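# Architecture and fold: a report
Residues per chain are reported as follows:
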Amino acid sequence: MDGLWDRRALLISGKGGVGKTSVAAALARAAVNAGRRVLLAEVELGTEAEQGPSPLAELVGARAPSAQVTPVSANLSFVRLSAIEGQRLFLQEVLPLRVMADAALRTRALRRFLEAAPALREMGVLYQMLHLLRLTRSDGGAQHPLCILDLPATGHALALAALPDTLLTVMPAGPIGRAVREGMALLRDPARTGAVLVTLPEPLPVSETLELSTAIGRHGIPIAAGVLNRMPEDPFSPDGRAAVEQLLGAHGPHRGQRALGRLDRARGAQARLVANFPAPLLTLPELPASGPRLVELLATHLGSRGSAASSSTGVQP
Ligand SMILES: Nc1ncnc2c1ncn2[C@@H]1O[C@H](COP(=O)(O)OP(=O)(O)O)[C@@H](O)[C@H]1O
Ligand SMILES: [Mg+2]
């Protein structure tokens, strides 16, 4: 796990419903348990005014999630990365006076322009993350050595990945070009950034995850790990399984066959990932829990794997 914790940013992606948010929270907890300082982040969707509750904040007990970093517990803080906040920070940096940025953002036309162009929204989100990662403490160390970002959807990860090219095509020079280059250097540096792709042990999600890893890789974003989430527990030894098969054969269809079928599909999916996924794979079990309790159990599971974690489930040859 140290290979993960040593990076500056982990981008958690995957299809909705696969357990991205739970895994992001569990990774944050596991990193904190391993003695790391973590900034757990999510992306603000919609406008500042219409923000709903945050499942991620609830999973770690973060109160009043906002675009300002708030401490949650020792070594864990939370932030909701906001396009507007990022744009404000950016304008503050390029305009000679701080107040000018606020004045500029109060201009309806500029606001409408910034909100309308998706690339500029992504850019704002990315810029706020960049800004937070640049902050240093009085001893010179990073204020937020490790940021774990729960991305809202696979499309978002791709938009973020494609962003530098999109923006550089439109605005190759000037302060935006410079900020984009800095963001791009960070996003594409395997020592500092890594995408973590979460998936379920089923054929379709695995296919989609392999496609996503190719698409993200094409944009130059390094893949740090895959997480095969909700792997069903196998209650049988090989002998036990053979005995069950024999019984099933003798007595015809049985309800248990569904569970056995699921187990076989999960094993097949796992084997396919191990063979084709371009990074180490972590497997997390299906657990009889939800909410913060689930996060705690998953974090313990991640912690118990130690630094040789991935080898037990297979690293791509
Ligand atoms: N390993 C697991 N075992 C059991 N339930 C899980 C596990 N991982 C996620 N879940 C459940 O799956 C549902 C979706 O999880 P969530 O983290 O919100 O996914 P996503 O962010 O990808 O939409 C939640 O109800 C969560 O409790
Ligand atoms: Mg989610």
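Our subject in this report is the structure included herewith. All values reported here derive from a predicted model rather than from experimental measurement.

Our next topic: the side chain of S22. Examined against the element boundaries, S22 turns out to sit in helix α2 (residues 20-33). For S22, a relative accessible area of 18% translates into the label buried. Not counting chain neighbours up to four residues away, the residues in contact with S22 comprise L59, L294, V295 and L298.

With that settled, consider the packing of aromatic side chains. Counting across every chain of the model gives 1 aromatic pair. Judged by centre distance (5.2 Å) and plane angle (85°), the ring pair of F90 and Y127 falls under edge-to-face. Of this pair, F90 sits in helix α4 (residues 83-94) while Y127 sits in helix α7 (residues 118-134), and the two are 37 residues apart along the sequence. Look at Y127 and you get buried, because its relative accessible area is 3%.

Where burial is concerned, most of strand β7 (residues 223-231) is hidden: 8 out of the 9 residues are buried. Where strand β6 (residues 193-199) and β7 come together, 5 bridges link them in parallel fashion. Along β7, the bridge assignment pairs V198 with V227. Handedness of the β-α-β unit built from β6, helix α10 (residues 203-218) and β7 comes out right-handed. When β7 meets strand β8 (residues 281-285), the two strands line up parallel, connected through 4 bridges. Residue pairing across strands places M231 opposite P285, the latter belonging to β8.

Between α2 and helix α13 (residues 291-303), the shortest axis-to-axis distance is 8 Å and the interhelical angle comes to 55°. In this view, α2 runs oblique relative to α13, as classed from their interaxial angle. Every pair of crossing elements has a handedness; the one defined by α2 and α13 is right-handed. Two secondary-structure elements touch here, α2 through S22, A25, A26, L27, R29, A30 and N33 and α13 through L294, V295, L298, A299 and L302.

Mapped onto the fold, L39 is located in strand β2 (residues 38-43). L39 gets classed as buried once you look at its relative accessible area, which sits at 1%. Sequence separation of L39 and P71 is 32 residues, and the distance between their C-alpha atoms is 8.9 Å. Excluding residues that lie within four positions of it along the chain, L39 makes contacts with V69, S77, F78, V79, L132, H144, L146, C147 and I148.

Scoring rules and cut-offs
Residues numbered from 1 in each chain as written. Chains lettered and ligands numbered in written order. Predicted model: local features only at pLDDT ≥ 70, side-chain atom pairs only at ≥ 80, totals over all residues. Heavy atoms only, no water. Helix = DSSP H or I, 4+ residues; strand = E, 2+ residues; numbered from the N terminus. Buried < 20%, exposed > 50% of the residue type's maximum accessible area, 1.4 Å probe, protein only. Contact = heavy atoms within 4.5 Å. Phe/Tyr/Trp six-rings, centres within 6.5 Å; stacked < 30°, edge-to-face > 60°. Pairing = 2+ DSSP bridges. Right-handed = clockwise from strand over helix to strand, strands pointing away. Axes fitted to C-alpha atoms, helices over the stretch in contact; angles between N-to-C directions. Parallel < 35°, antiparallel > 145°, perpendicular 65-115°, else oblique. Left-handed = near helix turned anticlockwise from the far one by under 90°.

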